[in-house]
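Spelled out from the first residue to the last, the chains are:
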Amino acid sequence: MDNLNGRVAVITGAASGIGLAMAHRFAAEGMKLVLSDVEAPALEMAMAGLPAGTEAVSTVCDVSKAEQVEALREFALSSFGSVHLVCNNAGVGGGGPMTELNLTDWEWVIGVNLWGVIHGVRSFLPLLAEQGEGHIVNTASVAGLFAAPFMGAYNVSKYGVVALSETLFNELAMAHPNVGVSVLCPSWVKTNIASSTRNHPDGEPADAGAIAEAIETFISRGIDPADVADKVAEAVKVGRFWILTHEDTPAAVAQRMTAILEDGTPPMLMH
Ligand SMILES: NC(=O)c1ccc[n+]([C@@H]2O[C@H](COP(=O)([O-])OP(=O)(O)OC[C@H]3O[C@@H](n4cnc5c(N)ncnc54)[C@H](O)[C@@H]3O)[C@@H](O)[C@H]2O)c1
């Protein structure tokens, strides 16, 4: 999709961080926007902060609920008549050793990060396939390419997003060559993800612990979400599948692959 002007983009998790940066980048391209997020007040603020003249609508949507993502598709269609770009971006962090992750932690992280993308693909793919044109961007992470300790549920969810996207790429290439897919795999980005537990079903823990603190420090030193959004827009235009954002990612991936090929053990990679 080399010209984004006038096309319709749907973004989940659009009220903050990478999703919000994508909204601004796509607005600069002249796209019409459908912004969605689970947090209504933040979504309102995001809408108010868009550049003047942006054609945009918004609706609250919890991506872990299939029926809400289907309603998002219907909302987008009733607002603009079509959808061209779908960014399955909503996600939550959740750190901790596997000895301590409880069932709610697992279900929450997998529900938002993996089921959210599955629901997005199930809801929008038939539309794009039928229309014979469109692009899907699934937000994974470098955590979908190698598995750092203390991020078990997150890593599992992101490996799933990468696997789904790789599978979809070849299915589309065979059956719907004008529908594209990209998978976004950033390392640390300066967003609000370190406070994801604001949306945890059990509420925010009183003491987030040393791992959460360390993650917060890494995030605060991360790259600007606007730089990530630039890479996403470019990837959609040229049809690039892998969207890597950090220079050290290929070397880390190579280390993991070498361990597999040489019968080694998983390398200790901390992003
Ligand atoms: N920040 C990083 O370092 C980093 C690195 C790699 C990947 N990512 C991924 O980028 C994506 C965006 O995260 P971010 O870093 O911008 O964080 P963020 O917290 O700033 O933004 C995430 C948004 O998703 C929303 N959200 C949370 N649960 C939701 C749900 N159930 N349904 C709909 N929306 C929901 C939040 O309200 C928030 O507005 C996530 O998928 C995350 O895993 C982030």
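The model shown is predicted, which means the values in this text are computed figures rather than measured ones.

Asker: Help me understand the environment of Leu-184 in this model?
Answerer: With respect to the secondary-structure elements, Leu-184 resides in strand E6 (residues 179-185). Judged by the 26 C-beta atoms lying within 10 Å of it, Leu-184 is buried. Note: C-alpha distance between Leu-184 and Trp-242 (58 residues apart in sequence) is 6.4 Å. Once you skip the residues sitting within four places of it in the chain, Leu-184 turns out to touch Val-137, Asn-138, Thr-139, Ala-140, Val-232 and Ile-243.

Asker: Whenever I open this one, the sheet that holds strand E4 (residues 85-88) confuses me. Can you help?
Answerer: Picture the strands of a sheet paired through backbone hydrogen bonds; they go either parallel or antiparallel. Taken together, seven strands build an open sheet; the order of strands is E3-E2-E1-E4-E5-E6-E7 and the sheet is parallel. Looking along the sheet, the strands with just one partner apiece sit at the ends: strand E3 (56-60) and strand E7 (242-244). This sheet shows a mean twist of 15 degrees between the axes of neighbouring strands, independent of strand direction. Pairing between strand E1 (residues 8-11) and E4: three bridges, direction parallel. Directly across from Ile-11, in E4, lies its bridge partner Cys-87.

Asker: In this structure, what is going on with the pairing of E6? I would like to understand it.
Answerer: For a regular strand, side-chain orientation follows a simple rule: the groups alternate between the two sheet faces. The element E6 is extensively covered by neighbouring structure, given that seven of its seven residues are classed as buried. Here E6 shows no split at all, with Val-179, Val-181, Val-183 and Cys-185 on one side and Gly-180, Ser-182 and Leu-184 on the other all buried. As paired elements, strand E5 (residues 134-139) and E6 share six bridges and run parallel to each other. Looking at E6, one finds that Thr-139 is bridged to Leu-184. In this fold, E5 hands off to helix H5 (residues 152-175), which returns the chain to E6; that crossover is right-handed. Sheet topology note: the E6/E7 ladder contains three bridges and is parallel. Across the sheet, residue Val-183 finds its bridge partner in E7, namely Trp-242.

Asker: I would appreciate a short explanation of the packing of helix H3 (residues 66-80) against helix H4 (residues 103-131) in the present structure.
Answerer: A pair of packed helices is captured by two measures, namely the crossing angle of their axes and the spacing between those axes. Where H3 contacts H4, the axes come no closer than 8 Å and their chain directions differ by 35 degrees. Handedness of the H3/H4 crossing: right-handed. For the pair H3 and H4, contact is made by Ala-66, Val-69, Glu-70 and Arg-73 and by His-119, Gly-120, Ser-123, Phe-124 and Leu-127, respectively. Of the residues that constitute the contact of H3 with H4, the class distribution is four nonpolar, three polar and two charged.

Asker: So what exactly am I meant to see when it comes to the site of the ligand here?
Answerer: Taken together, 33 residues are adjacent to the ligand, and Gly-13, Gly-17, Ala-90, Gly-91 and Thr-191 come closest. Breaking the shell around the ligand down by element, the ones donating at least two residues are helix H1 (17-28) and H4. By residue number, the principal contributor to the shell around the ligand is H1, which donates three residues. When the residues that make up the shell around the ligand are grouped by side-chain class, the tally is 14 nonpolar, 16 polar and three charged.

Asker: Could you clarify how one ought to interpret the packing of H4 against H5 in this entry?
Answerer: Across the interface, H4 lies against H5 with an axial gap of 8 Å and an inter-helix angle of 15 degrees. Compared by their axis directions, H4 and H5 come out roughly parallel. Classified by chirality, the crossing of H5 by H4 is right-handed. In contact with Asp-105, Trp-106, Val-109, Ile-110, Asn-113, Leu-114, Val-117, Ile-118 and Val-121 of H4, H5 contributes Ala-153, Tyr-154, Val-156, Ser-157, Lys-158, Gly-160, Val-161, Leu-164 and Leu-168. Residues of the contact of H4 with H5, tallied by class, amount to 13 nonpolar, three polar and two charged.

Asker: So what exactly am I meant to see when it comes to the nonpolar core here?
Answerer: Side chains of a nonpolar character, in soluble globular proteins, are inclined to be buried together. Core analysis: the largest hydrophobic core is formed by 68 residues, its most contacted members being Ala-9 and Val-232. Among residues more than four places away in sequence, those in contact with Val-232 are Met-22, Val-137, Leu-184 and Ile-243.

Asker: Help me out: how do you make sense of the pairing of E4 in this one?
Answerer: Residues Leu-85 and Cys-87 point to one face of E4 and Val-86 and Asn-88 to the other, with burial holding for every one of them. Pairing analysis gives four bridges linking E4 to E5, with the strands arranged parallel. When the bridges of E5 are listed, Val-86 appears paired with Ile-136. Following the backbone out of E4, through H4 and into the adjacent parallel E5, one traces a crossover that is right-handed.

Asker: Sorry if this is basic, but what is going on with helix H8 (residues 249-261) here?
Answerer: Since the α-helix packs 3.6 residues into each turn, any two residues three or four apart lie on the same face. For H8, with 13 residues, the first-to-last C-alpha span of 18 Å sits near the 18 Å given by 1.5 Å per residue. Burial runs low along H8: only zero of the 13 residues are buried.

Rules behind the numbers
- Residues numbered from 1 in each chain as written.
- Predicted model: local features only at pLDDT ≥ 70, side-chain atom pairs only at ≥ 80, totals over all residues.
- Helix = DSSP H or I, 4+ residues; strand = E, 2+ residues; numbered from the N terminus.
- Buried ≥ 20, exposed ≤ 12 C-beta atoms within 10 Å, placed from the backbone.
- Contact = placed C-beta atoms within 7 Å.
- Pairing = 2+ DSSP bridges.
- Axes fitted to C-alpha atoms, helices over the stretch in contact; angles between N-to-C directions.
- Right-handed = clockwise from strand over helix to strand, strands pointing away.
- Left-handed = near helix turned anticlockwise from the far one by under 90°.
- Nonpolar A, V, L, I, M, F, W, Y, C, P; charged D, E, K, R; others polar.
- Near = placed C-beta within 6 Å.
- Parallel < 35°, antiparallel > 145°, perpendicular 65-115°, else oblique.
- Core = buried A, V, L, I, M, F, W, Y, C linked by C-beta atoms within 7 Å.
- Expected span 1.5 Å × (residues − 1).

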